[in-house]
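The lines below spell out each chain.
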Amino acid sequence: MKRTSFRHLLWTGMLGLAACGGSGGPQDSEDLRTSGVAVVEIRPAIVGDLDQRIATSGIVAGGADGDLHISAPQAGRVAAIPHGIGESVRRGDLLVRFDIPTLEQELAARRGELAQAESRLSQARESATRLGALLARGIAARKDEVAAERELVDATAARTAAEAGERSALELDRQREVRAPFAGIVVSRWKNVGDRVDPGDSDPVLRLVDPAALEVIATVPAAELQRDFAGRSATIAAPGAPEGIAGAVKSAPGLVDPATGSAAVRISLASGSHLIPGMSVGVEILTGRHRNVVIVPQSAIVTEGPEFSVFVVDARRIAHRIPVELGITNGPMREIVHGVAAGDRIVVRGQAGLPDGATVAEAP
């Protein structure tokens, strides 16, 4: 004979008092009782596919090949900066021209050296040719011809060095003018014509971004970093995109930041996202997909310490508390690895305080 638990007797007695009009506290929506029967909401366990996602946040940024930060190569002033914030530019358009006297002076000096070297080489060639002719006629000494040949070699080397110096100075001088390497939008501008500029990233001048190559830099908790993120699909939640924006993780996470306990991943975006660099966005990264598994609403799970269970209602309307092993979760749904079969009728609301073996009625 099955022994009736004290908890069950107490529960039955309480239901009896309620049925007889006994006094009691306010009834809430999750513990509604009528005629000695607990009224609950029931849904069947189903079989389906369940995705597991990490929900986090990120910042919209320019892609590695589509985000240009301009600063001066050397100290000087801004000579021209024709585009303002929000303006579109085409590839090859002028972005900034710098007035840098030191570069201009360096180029002039190297060109002067090249001119001198070319003059010296020209003279050395004429001298070598003349002495060669005189030696052939027997009216010049061999040592003079050797000296002329040595001067020709030295003059040639000097001209080569001067050409290299001019090329280097010219390359530096070309940095005074910056043109767009891609079509994009000016998203930041810190300087105007005539403003003084110093070299390096600490004194930025202008930023150009390619809107077709935007990325999202998202943070991933350190506890999730054992997963393989590269190539995982992602969904970006942003204003103006009710369906979300599709993306994909480009690479594995970087180093963990000790201050936040998270690492950054870069997510490429589908074209036409219309996001703006610097925007904060929501991010969901797909980390796993389980197919043909038993699924129940998350609200059905009863937690007591480290143990989990659900209430399964049989054909006699008796609710049985069944221990379960849980799998992945995706928002309101949870995978059941063991304990529940597809089609089992599961209590999803009203199970708070419900004893094992209680008679229940399904809410209309």
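One structure accompanies this document, and this report is about it. (Residues numbered from 1 in each chain as written. Predicted model: local features only at pLDDT ≥ 70, side-chain atom pairs only at ≥ 80, totals over all residues. Heavy atoms only, no water.)

Remarks on the overall build of the protein
The condition is simple: Think of it this way: any DSSP run of H or I at least four residues long counts as a helix, any run of E at least two long counts as a strand, and we number them from the N terminus. Accessible area is worked out with a 1.4 Å probe on protein chains only. A residue is then buried under 20% of its type maximum, exposed over 50%, and partly exposed in between. Residues are treated as being in contact if the distance between any of their heavy atoms lies within 4.5 Å. Areas reported as accessible are Shrake-Rupley estimates using a 1.4 Å probe. Residue values count occlusion only from the protein chains shown.
The helix and strand inventory of the protein stands at three helices and 23 strands. Taken over 364 residues, the protein has a buried fraction of 35%. Long-range pairs, those at least 24 residues apart, make up 74% of the contacts in the protein between residues at least 6 apart in sequence. Carbon and sulfur atoms make up 53% of the accessible area of the protein, which totals about 20,600 Å².

Side note on the nonpolar core
Defined as follows: Put simply, buried Ala, Val, Leu, Ile, Met, Phe, Trp, Tyr and Cys residues joined by side-chain atoms within 4.5 Å make one nonpolar core.
Core analysis: the biggest nonpolar cluster contains 22 residues, and V216, I236, I267, L275, V283 and I285 have the highest contact counts within it. Looking at this core, the elements with two or more residues in it are β3 (46-62), β12 (214-221), β13 (233-238), β14 (241-249), β15 (262-269) and β16 (280-297). Sort the elements by how many residues they give to this core and β12 lands first, with four residues. When near neighbours in sequence (up to four residues on either side) are disregarded, I285 contacts Q52, R53, I54, V220, F229, R232, S233, A234, V249, V265 and I267. Residues A72, I81, V96 and L206 belong to the second largest nonpolar core, which totals 18 residues.

Remarks on the environment of D314
As a reminder of what qualifies: We define a polar contact as two N or O atoms separated by no more than 3.5 Å, with the added condition that, inside protein, one atom must be a possible hydrogen donor and the other a possible acceptor, whereas residues neighbouring each other in sequence contribute only through side-chain atom pairs.
Looking at the secondary structure, you find D314 in the loop between β18 (307-313) and β19 (318-323). Along the sequence, D314 and I346 sit 32 residues apart, while their C-alpha atoms lie 9.5 Å from each other. At 2.9 Å, the side chain of D314 forms a polar contact with the backbone nitrogen of I318.

Notes on the environment of V310
With respect to the secondary-structure elements, V310 resides in strand β18. A residue is classified by how much of its surface remains accessible, and V310, at 0% relative accessible area, is buried. Each C-alpha atom, one on V310 and one on V348, is 8.5 Å from the other, the two residues being 38 residues apart in sequence. In contact with V310, not counting residues within four places along its chain, are A300, I301, H320, R321, I322, V324, V340 and I346.

Comments concerning the pattern of salt bridges
Worth spelling out the cut-off: Salt bridges, as used here, are contacts in which a Lys or Arg side-chain nitrogen is within 4 Å of a carboxyl oxygen on Asp or Glu.
Applying the stated criterion across every chain, the model contains 23 salt bridges. R207 is the partner of D67 in a salt bridge, and the nearest nitrogen-oxygen pair spans 2.7 Å. Placement of the pair is D67 in strand β4 (residues 67-70) and R207 in strand β11 (residues 206-209), with a sequence separation of 140 residues. Residue E113 pairs with R110 through a salt bridge whose shortest N-O separation is 2.5 Å.

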